[in-house]
Amino acid sequence: MSNSSDDVYRHRQDQIVDFVFNQAVVDVFPDMIRRSVPGYETVIPMTGLIAARHTGAKGLVFDLGCSLGATTQAVLAHNSSADLRIIGVDNAQAMIEGAQANNQDTRAQFVLSDIQDVDLTGANVVVLNFVLQFLPSHHRKRMLQKIHRELANDGLLIISEKICHESPSIHDLYDETHLAWKKANGYSELEISQKRSALENVMQVDTEATHTQRLHSAGFSRSSQWYQCMNWASFLAWK
Ligand code: GEK
């Protein structure tokens, strides 16, 4: 796995283009996500543990939007069964190549595909760690309906996202604290603002209420928000 420090937005760019998960991002990805997503270092191991426990000895887990396979590795670390299968899916070729290079465990397999096109039939757990936010808003409910339909009867969905708050003052507090945290992690004002502009069109965030309502309208019987750190949250939803 790459240990390089994230310098993608360090220098002033004449024109900020929409963010893409290209080789330059992949090369610094572990550092980028650790310094950008509050709670990442809690959410990934915990979602791995939750998925591993829910799946049991013989099960099928999908890690959708797997990037370099951090969640997949967390699931594998918490479940030693030889009969466990995990399929990581990402539509960025450089991510899938990196995930394959990082992972020697034969229980995991990595597939280059849009997450909307993957057959999830019989999955015991589907994990969407920080990826639904990259789908166009009008595709999100359809994606959750597909997951609900194709999950096994006892299936569990784990979904982690950046969120926004209905109250403008609380939203501003969380947002400003997130930016201060990024600065404390070594990002400059320029890096923060250039990355923010690059993400503006490609990552649109929903409120906690939108997430919960959409999970229920997609068919999930119960849901619980198990984690929040400022404007980052993670939910469980049962079929
Ligand atoms: C982690 N879960 O480290 N189909 C497939 N992949 C997609 C799609 C799509 N439609 N849209 C985006 N991606 C990871 C972190 S990163 C989050 C997830 C972040 C992929 C994209 O290529 C990228 O690898 C990942 O989703 C989002 O636990 O960088 O903020």
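Each remark here, short or long, concerns the structure printed above.
1. Digging into the site of the ligand
Thought 1: Within the structure, the ligand sits among 22 residues, and Tyr40, Gly65, Ser67, Asp90 and Asn129 are positioned closest to it.
Thought 2: In the model, an oxygen atom of the ligand is placed 2.6 Å from a nitrogen or oxygen of the Tyr40 side chain.
Thought 3: Between the ligand and the protein, one listed contact pairs a nitrogen atom with a side-chain N or O atom of Asp114 at 3.3 Å.
Thought 4: Bound to the protein, the ligand loses 94% of the 660 Å² it would expose on its own.
Thought 5: At the level of secondary structure, the elements contributing two or more residues to the shell around the ligand comprise helix 1 (23–36), helix 2 (40–55) and helix 3 (70–77).
Thought 6: Here the shell around the ligand is composed, by residue class, of 14 nonpolar, 6 polar and 2 charged.

2. A look at helix 6 (residues 168–184)
Thought 1: Taking 1.5 Å of rise per residue, 17 residues should cover 24 Å, and helix 6 covers 24 Å from first to last C-alpha, within 8% of that figure.
Thought 2: Of all the positions in helix 6, only Asp175, His178 and Lys182 are classed as buried. Viewed end-on, helix 6 has its buried residues packed into an arc of 60°, placing them on one side of the element. Relative to its buried face, helix 6 has exposed residues pointing more than 90 degrees away, namely Ser169, Glu176 and Ala184.

3. Here we look at the pattern of salt bridges
Thought 1: Overall, the coordinates contain 6 salt bridges when judged by the stated rule.
Thought 2: As a salt-bridge pair, Asp31 and Arg35 come within 3.0 Å of each other at their nearest N and O atoms. Of the two residues, Asp31 and Arg35 are both situated in helix 1; the distance of 4 residues between them amounts to about one turn of the helix.
Thought 3: Residue Glu150 is joined to Lys146 by a salt bridge in which the shortest nitrogen-to-oxygen separation is 3.0 Å. With Glu150 and Lys146 both in helix 5 (residues 137–150), this residue pair falls 4 residues apart, about one helical turn.
Thought 4: By sharing partners, the salt bridges in this structure join Asp31, Arg34 and Arg35 into a single network.

4. Looking at the environment of Ala77
Thought 1: Looking at the element boundaries, Ala77 is found in helix 3.
Thought 2: Overall, Ala77 belongs to the exposed group, its relative accessible area being 65%.
Thought 3: Residues Ala77 and Glu189, 112 residues apart in the sequence, show an inter-C-alpha distance of 37 Å.

5. What to know about the packing of aromatic side chains
Thought 1: What the rule picks out here adds up to 3 aromatic pairs.
Thought 2: With 6.3 Å between their ring centres and 40° between their planes, Tyr40 and Phe130 make a pair best called tilted. Of this pair, Tyr40 sits in helix 2 while Phe130 sits in the loop between strand 4 (123–129) and helix 5, and the two are 90 residues apart along the sequence. Comparing Tyr40 with Phe130, the two get one shared label, buried.

6. Observations concerning helix 8 (residues 208–217)
Thought 1: Taken residue by residue, helix 8 has His211, Arg214 and Leu215 as its buried positions. End-on, the buried residues of helix 8 take up no more than an arc of 105°, which puts them together on one face.
Thought 2: Of the residues trailing helix 8, Gly219 is marked for its positive phi of about 120°.

7. Observations concerning the side chain of His178
Thought 1: Along the polypeptide, His178 turns up in helix 6.
Thought 2: His178 gets classed as buried once you look at its relative accessible area, which sits at 5%.
Thought 3: What His178 contacts, discounting residues up to four positions off in sequence, is Ser36, Pro38, Lys162, Asn231 and Trp232.

Calculation rules
- Residues numbered from 1 in each chain as written.
- Predicted model: local features only at pLDDT ≥ 70, side-chain atom pairs only at ≥ 80, totals over all residues.
- Heavy atoms only, no water.
- Near = heavy atom within 4 Å.
- Polar contact = N/O pair within 3.5 Å; in protein donor to acceptor, adjacent residues only side chain to side chain.
- Areas by Shrake-Rupley, 256 points an atom, 1.4 Å probe, with all protein chains shown as cover.
- Helix = DSSP H or I, 4+ residues; strand = E, 2+ residues; numbered from the N terminus.
- Nonpolar A, V, L, I, M, F, W, Y, C, P; charged D, E, K, R; others polar.
- Expected span 1.5 Å × (residues − 1).
- Buried < 20%, exposed > 50% of the residue type's maximum accessible area, 1.4 Å probe, protein only.
- Arc of directions from axis to C-beta.
- Salt bridge = Lys/Arg side-chain N within 4 Å of Asp/Glu carboxyl O.
- Phe/Tyr/Trp six-rings, centres within 6.5 Å; stacked < 30°, edge-to-face > 60°.
- Contact = heavy atoms within 4.5 Å.

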